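Now for the letters of each chain:
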Amino acid sequence: MKQRGEKITMLTAYDYPTAQMLDASGVHCLLVGDSLGMVVQGHDTTIPVTLEQMIYHGEIVARGAKRAMVIVDLPFPVGQINVTHTVKAAAKILKQTQCQAVKMEGGHQQADSIAALVDAGIPTIAHIGLRPQSVHAIGGYRVQRDADRLMKDALAAQSAGAFCVLMECVPSELAQQVTQSLNVPTIGIGAGPHCDGQVLVTNDLLGWNGGNVPKFVRKYAQLQQQAKEAIEGYCRDVQNGDFPAPKESF
Ligand code: KIV
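Nothing here was measured: the structure is a model prediction, and the numbers come from that model.

Asker: For the packing of helix α1 (residues 16-24) against helix α3 (residues 51-64), give the residues involved together with the corresponding values.
Answerer: Where α1 meets α3, the axes come as close as 7 Å, and the angle between the chain directions of the two elements is 40 degrees. Taken together, the axis directions place α1 and α3 in an arrangement best described as oblique. Here the hand of the crossing between α1 and α3 comes out right-handed. Where α1 abuts α3, its residues Tyr16, Ala19, Gln20 and Asp23 lie against Ile60, Val61, Arg63 and Gly64. Of the residues belonging to the contact of α1 with α3, the class tally is four nonpolar, two polar and two charged.

Right, dumping it as structure tokens:
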């Protein structure tokens, strides 16, 4: 698709109905992101998410996807301990979830792990730029402007065998330079329009969350507001005695 100049679409999924809906909508890739720690579990960071939780969500998403590629995140600190630990954990994810690939945060410092994953037959995406699992080390969720570091991470990930590089929160021109320098596709989130594809958190674009969304999100719906109105209607009907009606009763 990169060679043909066709843009790649990726969205997050954490459950079966969302996976079915995204798959039927034609999204190319479903990412079971460790963002589920924030979106589904209500944590402030992705750090508390466990390997077992990623496997649980990965398995139900993969069951709902008949066509799209399913990618599961390696949670903290799976990619950071050592190469053997990383490969074992990623193999467990692939075996138990039936997903097709994993994503891990890191670039040149994780090149050995990426190479070992690829050698083990595990297709791997490298996540560079803003790496949410390192939020405390990098001092918050900030735009990453270090051009040398970004390029070094991207090239190291590609040389190690990553089939795709995901860039989070980097200036558009930097993301463009990286995209032009790589043979493998880039997927951006908050990385401007020049990446080979885009990813967003599905709940953000559907308005299916309580809080504020980052600047790079476009909201295509306000589902939480609609759902709230529907639930209020249900509560009203029950309290008025309007629900259930005879046609809803045996
Ligand atoms: O965990 C996640 O959902 C991600 C995306 C935000 C890219 O890594």
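Asker: Could you give an account of the pairing of strand β3 (residues 69-73), with specific residues and numbers?
Answerer: Most of β3 sits out of view: four of its five residues are buried. With four bridges connecting them, strand β2 (residues 29-32) and β3 associate as parallel partners. Following the sheet pairing, Leu31 is matched in β3 by Ile71. Looking at chain direction, β3 and strand β4 (residues 101-105) are connected through three bridges and run parallel. Among the inter-strand pairings, Ile71 is bridged to a residue of β4, identified as Ala101. Since β3 and β4 lie parallel, the crossover through helix α4 (residues 83-97) that links them has a hand, and here it is right-handed.

Cut-off values and rules
- Residues numbered from 1 in each chain as written.
- Predicted model: local features only at pLDDT ≥ 70, side-chain atom pairs only at ≥ 80, totals over all residues.
- Heavy atoms only, no water.
- Axes fitted to C-alpha atoms, helices over the stretch in contact; angles between N-to-C directions.
- Helix = DSSP H or I, 4+ residues; strand = E, 2+ residues; numbered from the N terminus.
- Parallel < 35°, antiparallel > 145°, perpendicular 65-115°, else oblique.
- Left-handed = near helix turned anticlockwise from the far one by under 90°.
- Contact = heavy atoms within 4.5 Å.
- Nonpolar A, V, L, I, M, F, W, Y, C, P; charged D, E, K, R; others polar.
- Buried < 20%, exposed > 50% of the residue type's maximum accessible area, 1.4 Å probe, protein only.
- Pairing = 2+ DSSP bridges.
- Right-handed = clockwise from strand over helix to strand, strands pointing away.

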